[in-house]
Amino acid sequence: MNDRFVASLTSRKFVIALLAVTILFGGVGFAADAGEVTATLSPDETEANAGEKITFDVVVEGVENDIGAHTTTIEVTDTDVAEIADLEPAGDPLFEPDDPVSEDGSTATVDVVYGDEAIDSDADNEVIIATVTIETKEPGTVSIEQTIEALGDGDGQSITVTDSEDAELEVDTDDDREPGDPAEPALSGFAIGDDGDTA
């Protein structure tokens, strides 16, 4: 077992332990938000051509305060159609994993602690906690699924996610242009005859 692997494993165990202490024990017996808290992916459905990279934001709605820590997992249901290229936490975390994406691109997980850099909710009580980059591969339809396994505010109080919504991605080929898409360049004002002359 090499030193780099041991260091990585030790760091991950430390982050998970700190996350558990921050969220689960920082606010024992209390919940940071008493109302409904929903986790969504934005956009919730979209289309792209094969070979493109597109992003989805992980959004938590109904948060009255800030977000101080979270564990978030993203999964794609068909890696033949698309795979995860990256999962980047929002803000400036105190701790985050170096390489959150699995080797086959099917899943990605971030264990994040913000410390004094907790991210605030906006005027609509919404917070973007992470952004996932998806790389499309072949035509088809794939679901992008998100799970927030732990969530806490900047004071260490736990936040319960009461509902969760995933996203759907439809992958087409370049030939499947929608009506109104730019047409291929064409010569204008010229007619080419059988002998190759122009008129």
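Before reading on, note that the structure itself is shown above.
Reading the values: the criteria
- Residues numbered from 1 in each chain as written.
- Predicted model: local features only at pLDDT ≥ 70, side-chain atom pairs only at ≥ 80, totals over all residues.
- Heavy atoms only, no water.
- Helix = DSSP H or I, 4+ residues; strand = E, 2+ residues; numbered from the N terminus.
- Buried < 20%, exposed > 50% of the residue type's maximum accessible area, 1.4 Å probe, protein only.
- Contact = heavy atoms within 4.5 Å.
- Areas by Shrake-Rupley, 256 points an atom, 1.4 Å probe, with all protein chains shown as cover.
- Pairing = 2+ DSSP bridges.
- Axes fitted to C-alpha atoms, helices over the stretch in contact; angles between N-to-C directions.
- Core = buried A, V, L, I, M, F, W, Y, C linked by side-chain atoms within 4.5 Å.
- Salt bridge = Lys/Arg side-chain N within 4 Å of Asp/Glu carboxyl O.

K.L.:
For this particular structure, what's the right way to read the overall build of the protein chain?
P.N.:
When you go through the protein chain residue by residue, the secondary structure sums to one helix and twelve strands. In sequence order, the protein chain lays out its α and β elements as α-β-β-β-β-β-β-β-β-β-β-β-β. For the protein chain, the residues scored as buried account for 34% of the 199 residues in total. Of the contacts made within the protein chain by residues no fewer than 6 positions apart, 75% connect residues no fewer than 24 positions apart. When the accessible surface of the protein chain is split by element, carbon and sulfur atoms take 45% of a total near 11,500 Å².

K.L.:
Is there a simple way to think about the pairing of strand β5 (residues 69–76) in this case?
P.N.:
Along a regular strand, successive side chains alternate from one face of the sheet to the other. Among the eight residues of β5, seven are classified as buried, and the element is accordingly described as predominantly covered. Inspection of the sheet shows β5 paired to strand β10 (residues 140–152) by eight bridges, in the antiparallel sense. Bridge pairing in β10 links T73 to T147. Looking at chain direction, β5 and strand β7 (residues 107–113) are connected through seven bridges and run antiparallel. Residue I74 lies in a different strand from β7, and its bridge partner there is A108.

K.L.:
What is the right way to look at the sheet that holds strand β2 (residues 45–49) in this model?
P.N.:
The strands making up a sheet associate through backbone hydrogen bonding, with each pair oriented either parallel or antiparallel. The strand order β2-β12-β10-β5-β7 describes an open sheet built from five strands, whose pairing is mixed. Taken across any chain shown, the strands that pair with only one partner, and hence form the sheet edges, are β2 and β7. The average undirected angle you get between the axes of adjacent strands in this sheet is 20°.

K.L.:
Before we go on, may I ask you to explain the sheet that holds strand β6 (residues 82–89) in this structure?
P.N.:
In spatial order, the strands read β6-β9-β3-β1-β11; together these five strands make up an open sheet with mixed pairing. Edge positions in the open sheet fall to β6 and β11 (163–164), since each of these has one partner strand only. Here strand β1 (residues 38–42) runs beside strand β3 (residues 53–61); their pairing, made up of five bridges, is antiparallel. Considered in β3, the bridge of T38 is made with E61.

K.L.:
What is the right way to look at the nonpolar core in this model?
P.N.:
General note: in soluble globular proteins, nonpolar side chains tend to be found buried as a group. Formed by 36 residues in total, the largest nonpolar core has its most connected members in F56, I67, I129, I134, I144 and L169. Counting residues per element, the ones that place at least two in this core are β1, β3, β5, β6, β7, β9 (126–136), β10 and β12 (167–172). For this core, the element with the most residues is β9, which contributes five residues. For I67, the contacting residues outside a window of four places in its chain are Y114, A118, I119, V127, I129, L151, G152, D153, G154 and I159.

K.L.:
What should I look at first to understand the pattern of salt bridges in this one?
P.N.:
Side chains that differ in sign of charge can pair as their charged atoms come close. This model, assessed by the stated rule, comprises one salt bridge. Among the salt bridges present, the one from K137 reaches E83, with a minimum N-O distance of 3.6 Å. Placement of the pair is K137 in the loop between β9 and β10 and E83 in strand β6, with a sequence separation of 54 residues.

K.L.:
Where do I start with unusual backbone geometry in this structure?
P.N.:
Residues other than glycine predominantly adopt negative phi, and peptide bonds predominantly adopt the trans conformation. Each neighbour pair has its own omega, and for S42 with P43 the value is 5°, a cis peptide bond. Here P43 lies in the loop between β1 and β2. Positive phi outside glycine occurs at N125, with the angle close to 60°. Mapped onto the elements of the fold, N125 is located in the loop between β8 (119–120) and β9. Judged by relative accessible area, which is 30%, N125 ranks as partly exposed.

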